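# Structure assessment
Below are the chains, spelled out letter by letter.
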Amino acid sequence: MARQRVLTPSEPLKRTWALSAVDVALKDMFVSFAAGFSGRLDTERFTQALRATLIRYPFFHGTLRQQEDAVLVVCHHPPRPGTREGMSAVGLDLDEVDAPFPTGDRRVLYSGDFVSRLAPGKPPVHDGRRPLLHLKLTHFRDASVVGLSWNHALTDLHGIYDFLRAVSDAYTHPGHEPREPPVFDRRDIWRHLGEPGEAAGVQPSRQGRHGIVHISRAKATLGIARYLKQAVTDAVPVCLFLDEDGVDAIKARAQAAGTKVSTNDVVNATLLKFFGECTRDPRAPTDVGLYFPIDVRELLGAPPGSVANCLGNASAVLKRADLWSSSVTELALRNRAVVSAYGRTQLREDLHWADYWRRNTSQGSVYHHWLLGRDRVYSSNWTSLELAHVRFDDAAFVTLLRSSQLNKWLLLPAFHSTVLPRMEDGRMKQVVRVSVRREHFRTLARHLADWPHVQEAIRLDTGERLRAGP
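Numbering of residues starts from 1 in every chain and runs along the sequence as written. At least 70 in pLDDT is required for a residue's local features to be given in this predicted model, at least 80 for side-chain atom pairs to be given and counted, and no such filter applies to totals for whole chains, interfaces and linings, which use all residues. Each side-chain value is worked out from all heavy atoms of the structure, with water and hydrogens disregarded.

### What to know about the layout of surface pockets
Using a grid of 1 Å spacing that covers the protein atoms alone, one calls a set of points a cavity when a 1.4 Å probe fits there but cannot get out, and a pocket when the set is open and has protein on both sides within 12 Å along at least five of seven lines; lining residues are those with an atom within 4 Å of a point. Grid points are joined across faces, edges and corners, and a volume is the space filled by probe spheres set on the points. When its volume is computed, the second largest pocket comes out at roughly 810 Å³. Around the second largest pocket, the lining comprises 35 residues; the ones closest to its centre are H158, N264, D295, E298 and T383. Helix and strand definitions follow DSSP, with helices as H or I runs of at least four residues and strands as E runs of at least two, each counted in order from the N terminus. Counting only elements with at least two residues in the lining of the second largest pocket, the list comes to α5 (157-172), α8 (244-256), α9 (263-278), β11 (287-295), α10 (297-300), α12 (328-341) and β18 (427-437). Considered class by class, the residues forming the lining of the second largest pocket number 13 nonpolar, 13 polar and nine charged. The domain limits used here are those given by an automatic or database domain assignment. Each of domain 1 (3-193) and domain 2 (212-383 + 404-467) accounts for three or more of the residues forming the lining of the second largest pocket. Under the grouping applied here, Gly and all other residues not named as nonpolar or charged are polar, the nonpolar ones being Ala, Val, Leu, Ile, Met, Phe, Trp, Tyr, Cys and Pro and the charged ones Asp, Glu, Lys and Arg.

Okay, here's the thing in structure tokens:
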């Protein structure tokens with residue numbers, strides 16, 4: 001039976017942080033995932049580790065407050081009638097499943113219905129406020145799953161990985177001196193970049209590289225309605241399971257061509273090649289837009305443990321004919337060139353673009369992602385080795401799970417992709433979860449044999465499986 005605990009700090013912490021323009025674009029977005037571990041976690045130890053860690057992450061106890069044209073994370077709230085002075089709670093749900101964790105059954109493990117029971121949704125309102133962080137600990141007979149839901153204005157996925165690592169350290173080594181407190185203040189994060197200058201009388205394009213636009217609710221409604229008509233009714237969730245030996249072979253061919261590519265580059269190249277084969281239509285537009293967020297902590301010289309959003313948004317326009325004629329290795333080289341070209345100048349322009357729209361749009365506007373536009377390919381591009389080091393005593397990381405839906409009823413847009421790391425045979429491997437149309441899955445069946453680095457593909461709504469090889 002599910003239970004809920006409410007975690008509040010032991011003493012009030014009076015702190016305030018101002019969100020950057022990029023964060024303001026994300027302030028209404030809650031993001032969630034669930035991380036599976038190979039053994040059962042002790043509930044009381046996990047709760048105490050979480051409490052101890054949250055002391056060093058006080059902004060998770062904050063609430064968002066509008067102050068003129070700024071949005072603040074406020075960690076101290078004046079008393080209101082019927083409420084006590086203090087900070088917002090962090091929720092922790094507890095649940096038991098009287099069954100083994102289905103590690104070997106991929107069709108169950110990555111299905112939306114299964115994941116939705118493990119990852120908490122938008123946190124419930126507590127004491128008049130909605131927590132910015134909510135967790136769920138689910139015990140299986142032989143495993144445990146830690147689910148998290150957090151407000152995206154606070155941090156990106158790398159920051160949450162760092163938080164989860166801190167909780168695991170406090171669980172495995174209670175009483176040990178913790179690592180340095182995380183860097184959250186935006187002034188500390190962005191100080192190396194310098195102030196972005198005003199564009200000389202030029203308004204940023206509405207479809208800026210940042211990928212998020214602030215438009216009226218009427219236009220957003222029309223855009224979503226068009227998307228529902230064209231894409232969602234025919235969308236199906238698919239998982240591509242990559243073979244690490246095949247990925248390494250692509251990396252070796254790229255290295256021989258003079259460029260070191262990452263697993264992320266191979267993932268994006270695979271997605272692009274898949275998209276290209278699915279859109280061989282002479283009537284289709286000649287250009288395709290590629291968009292994916294990248295971690296710019298290294299570019300900024302941000303110190304380790306930086307939790308705040310540190311996102312750049314690499315993008316490029318590719319010729320559809322190039323997708324047809326290029327190999328996965330050649331597309332991986334192209335992806336690497338896009339990432340390598342992204343630098344401090346472009347990041348300054350992105351921040352100026354986001355700040356312009358924050359200051360020049362009305363309260364009645366909404367943020368709307370342009371991935372819903374025609375022929376744009378999105379990848380969250382978040383594969384990371386950090387999770388391989390997260391463990392709770394002997395309970396080691398097994399897999400990362402995320403829903404294939406925007407919410408309980410709306411599937412992700414076609415070719416919206418998320419990379420889900422997993423451990424298998426002692427190696428970090430990747431699952432590319434992508435939403436496609438039904439005919440796209442049939443196209444994949446014809447081409448999978450040409451991509452030996454894709455071990456298997458599963459259509460999650462039906463369980464239909466495709467395997468590489470003859």
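Don't stop here, the text continues.
### Digging into unusual backbone geometry
Of note, D393 is a non-glycine position whose phi angle comes to about 55°, a positive value. As for its placement among the helices and strands, D393 is situated in the loop between β15 (391-392) and β16 (395-401). Summary of the burial criterion: residues with accessible area below 20% of their type's maximum are buried, those above 50% are exposed, and those between are partly exposed, where the area comes from a 1.4 Å probe applied to protein chains only. In this structure D393 comes out as partly exposed when scored by relative accessible area, which is 30%. Here D425, not a glycine, exhibits a phi torsion of approximately 55°, which is positive. By secondary structure assignment, the location of D425 is in the loop between β17 (416-424) and β18.

### Section: α5
Over its 16 residues, α5 runs 22 Å from end to end, which matches the ideal 22 Å to within 8%, given 1.5 Å per residue. With 12 of its 16 residues buried, α5 lies for the most part within the structure. What α5 keeps buried is the set L157, H158, G159, I160, Y161, D162, F163, L164, A166, V167, S168 and Y171. For α5, the side-chain oxygen to backbone nitrogen distance between the N-cap and H158 is 3.2 Å, and the N-cap itself is D156. Every helix has an expected span of 1.5 Å times one less than the residues it contains. N or O atoms within 3.5 Å of each other form a polar contact, as long as, within protein, one can give a hydrogen and the other can take it, and as long as residues adjacent in sequence are counted only when both atoms are side-chain atoms.

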